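Summary of the model geometry
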Protein chains: 6
Amino acid sequence: MPYINIKITDENVTKEQKRQLIIGATQLLVDVLDKNPKTTHVVIEEISIDNWGVDSKQYSNSEKFKL
Amino acid sequence: MPYINIKITDENVTKEQKRQLIIGATQLLVDVLDKNPKTTHVVIEEISIDNWGVDSKQYSNSEKFKL
Amino acid sequence: MPYINIKITDENVTKEQKRQLIIGATQLLVDVLDKNPKTTHVVIEEISIDNWGVDSKQYSNSEKFKL
Amino acid sequence: MPYINIKITDENVTKEQKRQLIIGATQLLVDVLDKNPKTTHVVIEEISIDNWGVDSKQYSNSEKFKL
Amino acid sequence: MPYINIKITDENVTKEQKRQLIIGATQLLVDVLDKNPKTTHVVIEEISIDNWGVDSKQYSNSEKFKL
Amino acid sequence: MPYINIKITDENVTKEQKRQLIIGATQLLVDVLDKNPKTTHVVIEEISIDNWGVDSKQYSNSEKFKL
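The present account deals with the structure reproduced in this document.

About the thresholds
Residues numbered from 1 in each chain as written. Chains lettered and ligands numbered in written order. Predicted model: local features only at pLDDT ≥ 70, side-chain atom pairs only at ≥ 80, totals over all residues. Heavy atoms only, no water. Phe/Tyr/Trp six-rings, centres within 6.5 Å; stacked < 30°, edge-to-face > 60°. Helix = DSSP H or I, 4+ residues; strand = E, 2+ residues; numbered from the N terminus. Buried < 20%, exposed > 50% of the residue type's maximum accessible area, 1.4 Å probe, protein only. Least-squares fit on C-alpha atoms with pLDDT ≥ 70 in both. Contact = heavy atoms within 4.5 Å. Buried area = accessible area lost by both parts, 1.4 Å probe. Salt bridge = Lys/Arg side-chain N within 4 Å of Asp/Glu carboxyl O. Polar contact = N/O pair within 3.5 Å; in protein donor to acceptor, adjacent residues only side chain to side chain. Nonpolar A, V, L, I, M, F, W, Y, C, P; charged D, E, K, R; others polar. 1 Å grid on protein atoms, 1.4 Å probe; cavity = no way out; pocket = protein on both sides within 12 Å on 5 of 7 lines; lining within 4 Å. Points joined across faces, edges and corners; volume = space filled by probe spheres on them.

Turning next to the packing of aromatic side chains. Applying the stated criterion across every chain yields a total of three aromatic pairs over all chains. Measuring from centroid to centroid gives 3.7 Å for Tyr3(A) and Tyr3(E), while their planes differ by 0°, and the two rings are stacked. Of this pair, Tyr3(A) sits in strand β1 (residues 3–9) while Tyr3(E) sits in strand β1 (residues 3–9), placing the two residues on different chains. In this structure Tyr3(E) comes out as buried when scored by relative accessible area, which is 4%.

Here chain A sits on chain D after a turn of 180° about the axis and a move of 0.0 Å along it, with an RMSD of 0.0 Å. Such a combination of rotation and displacement between the chain copies is what one expects of a two-fold axis. When C-alpha distances to the rotation axis are compared across chain A, the minimum falls at Asn5(A), with a value of 2.5 Å.

Let us now look at the environment of Val30(F). Residues and elements named next belong to chain F. Residue position: Val-30 is located in helix α1 (residues 15–33). Spatially, the C-alpha atom of Val-30 lies 9.1 Å from that of Thr-40, the residues being ten residues apart in sequence. Beyond its immediate sequence surroundings of up to four residues, Val-30 is in contact with Lys-35 and Pro-37.

As a further point, take the interface of chain A and chain D. A common way to state how big an interface is: give the accessible area lost once the parts meet. Across the boundary between the two partners, chain A contributes 28 residues, which contact 27 residues of chain D. When chain A packs against chain D, the two sides together hide about 2500 Å² of surface, and 70% of this comes from carbon and sulfur. Our enumeration of links across chain A and chain D arrives at two salt bridges. For Glu11(A), the salt bridge identified is with Lys35(D), shortest N-O distance 3.8 Å. Applying the counting criterion to the chain A and chain D interface returns seven residue pairs in polar contact (both at pLDDT 80 or more). At the level of secondary structure, the elements contributing two or more residues to the side of chain A that touches chain D comprise β1, α1 (15–33) and β3 (52–54) of chain A. For the side of chain A that touches chain D, the element with the most residues is α1(A), which contributes nine residues. By residue class, the composition of the side of chain A that touches chain D is 16 nonpolar, seven polar and five charged.

Let us look at the pattern of salt bridges. Applying the stated criterion across every chain yields a total of 42 salt bridges over all chains. For Arg19(D), the salt bridge goes to Glu16(D), with nearest N and O atoms at 3.0 Å. Pair noted here: Arg19(D) and Glu16(D) are both in helix α1 (residues 15–33), with a separation of three residues, about one helical turn. Each of the salt bridges in this network shares a partner with another, and the network as a whole consists of Lys7(A), Glu45(A), Lys7(B), Glu45(B), Lys7(F) and Glu45(F).

For the match of chain C to chain F, the screw axis carries a shift of 0.0 Å, the RMSD comes to 0.0 Å, and the turn is 180°. Most of the interface of chain C is mirrored in chain F: 100% of its interface residues are interface residues there too.

Our next topic: empty space enclosed by the protein. In the structure shown here, the tally under the stated rule is three cavities of 30 Å³ or more. Counted as a void, the largest cavity has a volume near 300 Å³.

Dropping the structure here:
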């Protein structure tokens, strides 16, 4: 505890970027709520661009918006 | 907002079917709750048939039920 | 299966509106993917307006956008 | 997109602390992945201390660990 | 890790029952996958019976099925 | 209902181990809460070891802890 789940589109996120997300999210919970990093979990889920929609538009079909 | 997460078994769902799920789910939130489609997100997650169970049975081991 | 999770802000959604969301989401999975309604679950989660943010803004602090 | 879900125990988290979580999580996705804040959603869920367990121990029954 | 999320309807589940769910779910991950209980988290979420639907029926409106 | 979601790292979990997780999680809900196994769903999600962090450390970069 806490548990932070980050869902993003699957677009070549690097291992190093994931490492930075893990460090940053953990630090955020330490800074704001004084949580214990040892029990703070971060789980990143990468979603295919066919499987994400905003404004009724499938992300893979859209050129008009940046997620 | 809203955020709609649809979990289904991974069985050759086509890009066009996913598009229809995104459109339909967004429209549902517009129709019932007058939500703004521009901030309505739909995320579809496809789960391996080994990883889904109902009634204690792994879906990949079952011939008796249709999900 | 399928499992549909709908997260919305907690703003006096009525029991009848929830019923319509359940019916509509189930029908969507039947129509698009020929899923079995008997095993289709819909779970609606209402989130306090202090607990939802878009564009770095807490929804309860914002007058500028409609979710 | 992205969608960030933060689950924490329900222990008098203030509206201001939630605001800081929303700002910090959004900024993290901007900094690391250059995501668009306008479509970045943060949802905070507060879980009763009876309902969270680590190491087989219910948090409300435990004095030995800090979450 | 692992992270186990249990969603049930909100129907007077006692603190002791929740404790048993936490113990049982943790033990399951130890037994089957030799996971470390110290990093195994269990989160129980109780959902209003108006907010859960199966087979297009709102649970609070149904007398025909037992969840 | 109930719905049990188990997230674990993706480390060669076998089909048989998944079957045991499904059976055990279903039985747990039957034993503790007298739930109906026919409507009890178990979904297992395997997360890449680059995508899971505890204590600010990416699991794939760590030799110090066992999840």
